[in-house]
Amino acid sequence: MAVAENPAGTADRARQAIQASGMSQRRVARAMGLDETKLSKSLSGHRRFSADEVLALATATGVTAQWLLGNADEVSVAPPHLRLGAAGGEAPDDGAGETGEQAVRRRSIVEAAWELFSRHGFEAVRIADIAEAAGISAAGVHYHFAGKDELITAALRYSVKLAFDRQIAWLSDVRDPSARLDRLLEMQSPTGPSGPSEWSIWLQTWNRLALAEEPDPEYVSLYARWSQTVRATIEAGQRTGAFRDGDSRAMADELTSVLDGLGIKLLTGVLDAPTFQHRLRGYVARSVIRPAESS
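What you see is a predicted model; the values in this text were computed from it and never measured.

Draft legend 1. Seen up close, the overall build of the protein chain. If you tally the helices and strands in the protein chain, you get 14 helices and 0 strands. Expressed as a percentage of the 295 residues in the protein chain, the buried residues total 51%. Contacts in the protein chain between residues far apart in sequence, at least 24 positions, make up 67% of those at least 6 positions apart. For the protein chain, the computed accessible surface area is about 14,200 Å², with 51% contributed by carbon and sulfur atoms.

Draft legend 2. Region of interest: the nonpolar core. Residues Phe-117, Ile-130, Leu-151, Leu-185, Trp-202 and Leu-255 are the most contacted members of the largest nonpolar core, which totals 55 residues. If one sorts the elements of this core by residue count, helix 9 (residues 148-171) sits on top with 11 residues. In this structure, Leu-43, Trp-67, Val-104 and Ile-168 belong to the second largest nonpolar core, which totals 23 residues.

Draft legend 3. Region of interest: the confidence of the model for the protein chain. Per-residue confidence for the protein chain averages 87 on the pLDDT scale, and 89% of its residues sit at or above 70. In this model, residues 89-93 is a region of pLDDT below 50 whose contacts with residues beyond four sequence positions or in other chains number 20 contacts.

Draft legend 4. Expanded view of the side chain of Ser-200. Within the fold, Ser-200 resides in helix 11 (residues 195-211). The exposure class of Ser-200 is buried, given its relative accessible area of 15%. Here Ser-200 is in contact with Phe-117 and Ser-118, once residues within four sequence places are set aside.

Draft legend 5. Geometry of helix 2 (residues 25-32). All buried positions along helix 2 are accounted for by Val-28, Ala-29 and Met-32. The buried residues of helix 2 occupy one face: seen down the axis, they fall within an arc of 100°. Exposed residues on helix 2 whose side chains face more than 90 degrees from its buried face are Arg-26, Arg-30 and Ala-31. On the buried face of helix 2, the contacting elements are helix 1 (7-21), helix 3 (36-43) and helix 4 (51-61). In the segment just after helix 2, Gly-33 is the residue with positive phi, at about 70°.

Draft legend 6. Up close: the packing of helix 12 (residues 217-240) against helix 13 (residues 248-267). For the pair helix 12 and helix 13, interaxial distance at closest approach is 9 Å and the crossing angle is 120°. Relative to helix 13, helix 12 is oriented oblique. Of the two possible hands of crossing, helix 12 and helix 13 adopt the one that is right-handed. Of helix 13, the residues touching helix 12 (which contributes Tyr-223, Trp-226, Ser-227, Val-230, Arg-231, Ile-234, Glu-235 and Gln-238) are Ser-248, Arg-249, Met-251, Ala-252, Leu-255, Thr-256, Leu-259 and Asp-260.

About the criteria used
- Residues numbered from 1 in each chain as written.
- Predicted model: local features only at pLDDT ≥ 70, side-chain atom pairs only at ≥ 80, totals over all residues.
- Heavy atoms only, no water.
- Helix = DSSP H or I, 4+ residues; strand = E, 2+ residues; numbered from the N terminus.
- Buried < 20%, exposed > 50% of the residue type's maximum accessible area, 1.4 Å probe, protein only.
- Contact = heavy atoms within 4.5 Å.
- Areas by Shrake-Rupley, 256 points an atom, 1.4 Å probe, with all protein chains shown as cover.
- Core = buried A, V, L, I, M, F, W, Y, C linked by side-chain atoms within 4.5 Å.
- pLDDT = per-residue confidence, 0-100.
- Arc of directions from axis to C-beta.
- Axes fitted to C-alpha atoms, helices over the stretch in contact; angles between N-to-C directions.
- Parallel < 35°, antiparallel > 145°, perpendicular 65-115°, else oblique.
- Left-handed = near helix turned anticlockwise from the far one by under 90°.

Shown next as structure tokens:
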């Protein structure tokens, strides 16, 4: 489990994140599902944040796990829509200029939309449903978002940030290339903790783009982040000799395509979870891992 290498530095950044979020410490603790006393101890440096707590804090306050941890990992590529920097400067670009309660309200709207879209589908969810789930008026939703199209884009961005934060929190201390790739694929599979919801958002995005007349450049950049992370992971393994030589871009394209196809089969009931994992690991063993030399 990855935790802060510099607890004092992470505690300081955590305090900054909470202050910049406009939320009270009690409210943040509640959003994290953490006892306020434990949060206080972590903020004072008397207790380390666990990986799950770093993820929860990053989600609650809008910063990234990378900034909280002071992490310089270059394998997990940052989402293009995040401005990496000090607390309050890592919110998505479309929320620029919003601070305090406005930023909190915006995050609550996006989280509500993400949850409802993933469970019920874009077409079935109304602005009124999102407003009710977020605890605000429909006019309050429209203050931040012109309509559902903007909200589904924000929900996709939210999914991408969740994935990036997971990778930073859970992969940074995994040095073995094979173990790192295995963990990365496990975290990004539909079998992961928030996998079904995240995949639901991606599937709906794919469906909408398949019917669109023109490609969406933002989607291309968001998917490219994932492809680049896989590619960087493969290249790291190639440098150590753990992975096969070859065109890392092509290998990443093929691996992500295999994962996408198997993931769709799992979500639609064509495959069960054990078969999904067996097929994915089998592909990695055949196409990515360098075979042991015969004696």
